[in-house]
Amino acid sequence: MKRRDFIKKAGVITTGSLLIPSFLKANMFSSKLLLSKKRLVVIQLSGGNDGLNAVIPYGIDEYYQNRTAIGIAEKELLKIGDKFGFNPKLKGLHDLHQKGMLSIINSVGYPNPNRSHFRSMDIWHTASDSDEYLQNGWLGRYLDNNCEHAYEGIEIGGSLSLAMSGHDHSGIALTNPQAFYDTIHSDFFNELGDPVTENGELNYLYKVFNDTKDSAQYIYDQYKLKSNPTQYGGNQFGKKLKQIATLIKSDIQTPIFYTELGGFDTHVNQNPFQDRLFDMLNGGVTSFVDDLEKDGLMKDTTIVIFSEFGRRLKENASRGTDHGAANVMFVIDSDLNSNAVSGFNQIDLTDLEKGDPKYKVDFRSVYQEVLTQTLGVNAEQVLGRPFDRVKLWG
Amino acid sequence: MKLTNRDKYHLHSRTEFFVHHIEIVKTDDCEKAVDAIFKKQKLEPLEFKLPKWNPEANKKLSQKQRMERNKKWRKEVGEINALWIKRMTEKDKGLIEKMTLFWHGHFACRTSDNPYLTLEMNNLLRDNALGNFRDLLYAVSKSASMIAYLHLRQNKKGKPNEDFARELCELFTLGRDVDYTEKDVTEIARAFTGWSTDPYGKHIIKVKQHDDGEKLIFGKTGNFSGEDVLEMILKNENCAKRIASKAYKFFVQEDEVEEHVNELSVALFNSNYDIKVMMKHLFQADWFYKAQGKLIKGPIEYLVGMAKMFDLEYPDKKAIGGIQHYMGQVLFDPPNVAGWAGGRQWIDASRLALRLRLGSLILNRGYVMDELSPELDEMLKGKVKKKDLKFYEKVDWEAFWKKNKDASMFDLFIRNNNETLKRDYDVSDVKSIIRLISTPDFQLT
């Protein structure tokens, strides 16, 4: 007897699916996301991706002057206009840009940049100022305001990012829907029930416990609804995106997905390392977009790609680069306005602060746009105040 | 006040993570019980053998050598992490180590990439953990760790860096926007200009970088130094109040009762910041005994408690670091200078799922119960990954029963009153214990 069959026989699944909110069951097979305008998929490039070698400003002299060892030759680039070109490893992203589906936002950062991975990542996750410490993430605050269940924010990874952690509602992190289901479903857990007590902490724990069980059940049920035979590029990273695509295809009611590709801290011998990472990024994202487009699901999806900081303009003595500040962000979506796609010029390699290009766009302006346009909510509730508009849609 | 067995379990788990039934205090008198726990504490620095610090050698490294050194350093910090966990389980050190953990969260300083700084900060927190808050504040402010972390070296005359000044007021002493203004922060930064360390980590004030001009701080004018500022802050009762409030949230319960916090604050302030006086007051207060099961265990409390319950060793140093990461609290690596948010923030869906499985993963290879069908059991066995097994430890159950033969298992492990759980699983067998430690209730202390 297969394990799953055994559990079925034991009646666990029946119990579990009864716990799925009925409005979801009713809409289980409609192809509409109920909870937000579109769904958001965030891809975090950890370690500080060198944006200047991702979208190369080949038309700006300072680029080659400062990067004699690791600068990428003009003839190798996938050009976009007379000043910029994609890294040859990012062919899929270049294609998306040509199709008008990818916006390059250059020089994204924040005032008084912090060059520590941890602190800068915190700032990006919480959308705080650089001298402010917030305990919850920007997506967590979205979940607080708009969501009820853990499955409404799914991170494919071992632990939940601060970005996805709210005060009252947080997302759920898992590496594999079945394994996660197995972790939280056992006869013992299913029998534990829900004691009514006056202990607020205990009530909170049981609330999270029951929501975790329901969410694990719901995610796993959705995950196995349809098999997804699509082959993905991008190795392990591609596999994570494939899990996300498989869930999206099931019409799961999840407005936010989150995942990470790590290893971008290229202090030494940067180019071969970054090439391998870009192969994964490019392969994974290209397969993902194709896979969703095949089912007409890309029209309801926005992908945001960011890193905690960019890297120093001037290469170091080890054919690498050190921690920098402002960086490039990518937003992939099928409804971008044409200016958002063609307007990637805001970069100035002569106006530096501690050797790093200064930021021109506050990252929270991009968050604000995504909150408003993709998730369809009041961004100020999440970000605390308005930021200059970066117009990507409309 | 007379203590019941349940009160004693509560007192021991809050003060020293956990003790077995035969080790609980014999006296029923609350005052004497608390005194006994304080009295048995032994203050011993954490020692870890590192090569003698050589500032010259560290200057000359190539980029590649630097990366290799950093890797070695991070590994060493991992070993110090495991060493501290082990230290916390020692029976005459629980309270002093728990206090050190408390201060680690209060004076949160990330030292996880440098074992020298890690030991410096950890030992100074321990030295003063039950000492005087004034000494502690001075020691932290003058430590190489905090000077590096909050950029005091970059704080120079004419070019102040406000990082330390701001966190000193906001996080370490007064609390956000309590009795200070933005202007005070700027002026306090000036008072701390020149604070630095010599190449060996000893605190110095670089006279040339120090701004000895007149400053206006907290409404007073003078040529204030950094130490003057610390004294001005300590004179403000709101400093004691903030420390009291943090201790209350860490040791009593999440929801503050102002009256109780005020008692602690007065005890601290009137004793001229004697931490021991405040903590004794806390553990002897009747409201402390009404707060049983009102706190969610932090990951370190969970892991250390578990180690003490079943005499575990956690031999795999990498696994203990990894599990801290997944649970959301890695020693020496707080998320930022504000420390761990704690309380309900320890728990999200994934972390709770992990916690519910962790006890059975450690004691029973991941199985919560033992009535699985043989087939399923086999299948699960095949699925257990090698890396999971590093967390599996053989428990000496015979020794455990000997130490806890007169205890109710429910009372020993569970702090709240869940009648159903007590009815079904208050049984002295391994099966019931594994179930008790696999509940949401077990997450409370």
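Attention in this report is confined to the structure presented alongside it. (Residues numbered from 1 in each chain as written. Chains lettered and ligands numbered in written order. Predicted model: local features only at pLDDT ≥ 70, side-chain atom pairs only at ≥ 80, totals over all residues. Heavy atoms only, no water.)

**Observations regarding the overall build of chain B**
Here's step 1: Within chain B, the regular secondary structure consists of 24 helices and four strands.
Here's step 2: Computed over C-alpha atoms, the radius of gyration of chain B comes to 24 Å, within 12% of the 22 Å expected from 2.2 N^0.38 for 445 residues, which places it in the range of a compact globule.
Here's step 3: With the C-alpha coordinates aligned to their principal axes, the bounding extent of chain B is approximately 75 × 60 × 35 Å.
Here's step 4: Counting only residues that meet the buried cut, chain B has 56% of its 445 residues in that class. (Helix = DSSP H or I, 4+ residues; strand = E, 2+ residues; numbered from the N terminus. Rg over C-alpha atoms; globule rule 2.2 N^0.38 Å. Buried < 20%, exposed > 50% of the residue type's maximum accessible area, 1.4 Å probe, protein only.)

**A short note on the sheet that holds strand β2 (residues 55–56) of chain A**
All names here are of chain A.
Here's step 1: Within the open sheet, the three strands sit side by side as β2-β4-β3. Their pairing is antiparallel. Of all the strands in the sheet, just β2 and β3 (78–80) have a single pairing partner and so form its edges.
Here's step 2: Looking at chain direction, β3 and strand β4 (residues 84–86) are connected through three bridges and run antiparallel. Directly across from Lys 79, in β4, lies its bridge partner Gly 85.
Here's step 3: Helix α5 (residues 91–98) rests against β3 and β4 of the sheet, and its axis sits at about 25° to β3. (Pairing = 2+ DSSP bridges. Contact = heavy atoms within 4.5 Å. Axes fitted to C-alpha atoms, helices over the stretch in contact; angles between N-to-C directions.)

**Details of empty space enclosed by the protein**
Residues and elements named next belong to chain B.
Here's step 1: The final tally for this structure, using the stated rule, is seven cavities of 30 Å³ or more.
Here's step 2: By volume, the largest cavity amounts to about 120 Å³.
Here's step 3: Considering the residues around the largest cavity, the lining is formed by 13 residues, among which Ser 13, Phe 17, Lys 297, Met 309 and Thr 445 are closest to the centre.
Here's step 4: Mapped by element, the contributors of at least two residues to the lining of the largest cavity are α16 (299–310) and α22 (409–413). (1 Å grid on protein atoms, 1.4 Å probe; cavity = no way out; pocket = protein on both sides within 12 Å on 5 of 7 lines; lining within 4 Å. Points joined across faces, edges and corners; volume = space filled by probe spheres on them.)

**Brief notes about the pairing of strand β6 (residues 153–156) of chain A**
Residues and elements named next belong to chain A.
Here's step 1: By the alternation rule, side chains of β6 split into Gly 153 and Glu 155 and Ile 154 and Ile 156, which are all buried.
Here's step 2: Pairing between β6 and strand β8 (residues 256–262): four bridges, direction parallel. Residue pairing in the sheet places Ile 154 in a bridge with Phe 257 of β8.
Here's step 3: By the bridge criterion, three bridges tie β6 to strand β7 (residues 172–174) in an arrangement that is parallel. Its bridge partner being in β7, Ile 154 is matched across the sheet by Ile 172.

**Structural notes on the interface of chain A and chain B**
Here's step 1: Counting residues at the interface gives 48 residues for chain A and 50 residues for chain B.
Here's step 2: Between chain A and chain B the total buried area reaches about 4,100 Å² when both faces are included, carbon and sulfur atoms providing 60% of it.
Here's step 3: Three residues, Tyr 133, Phe 188 and Glu 201 of chain A, lead the burial of chain A against chain B; their summed loss comes to 18% of the area buried on that side.
Here's step 4: In this structure, the connection of chain A to chain B is made through two salt bridges.
Here's step 5: Here Arg 166 of chain B makes a salt bridge to Asp 131 of chain A, at a shortest N to O gap of 4.0 Å.
Here's step 6: Residue assignment for the side of chain A that touches chain B shows that the elements contributing at least two residues are α1 (3–9), α6 (117–126), β7, α8 (177–184), α9 (187–191) and α10 (200–223) of chain A.
Here's step 7: Tallying contributions element by element places α10 of chain A first for the side of chain A that touches chain B, with nine residues.
Here's step 8: Class assignment for the residues of the side of chain A that touches chain B results in 21 nonpolar, 18 polar and nine charged. (Buried area = accessible area lost by both parts, 1.4 Å probe. Salt bridge = Lys/Arg side-chain N within 4 Å of Asp/Glu carboxyl O. Nonpolar A, V, L, I, M, F, W, Y, C, P; charged D, E, K, R; others polar.)

**Details of the pattern of salt bridges**
Here's step 1: Under the defined criterion, the tally for this structure stands at 54 salt bridges over all chains.
Here's step 2: For Arg 115 of chain A, the salt bridge goes to Asp 356 of chain A, with nearest N and O atoms at 2.7 Å. Here Arg 115 of chain A is found in the loop between β5 (102–109) and α6, whereas its partner Asp 356 of chain A is found in strand β12 (residues 356–357), with 241 residues between them in sequence.
Here's step 3: Put simply, Lys 42 of chain B and Asp 92 of chain B hold a salt bridge, and the shortest N to O gap is 3.4 Å. Here the residue Lys 42 of chain B occupies a position in the loop between α2 (30–39) and α3 (55–59), and Asp 92 of chain B occupies one in the loop between α4 (63–88) and α5 (94–106), the gap between them amounting to 50 residues.

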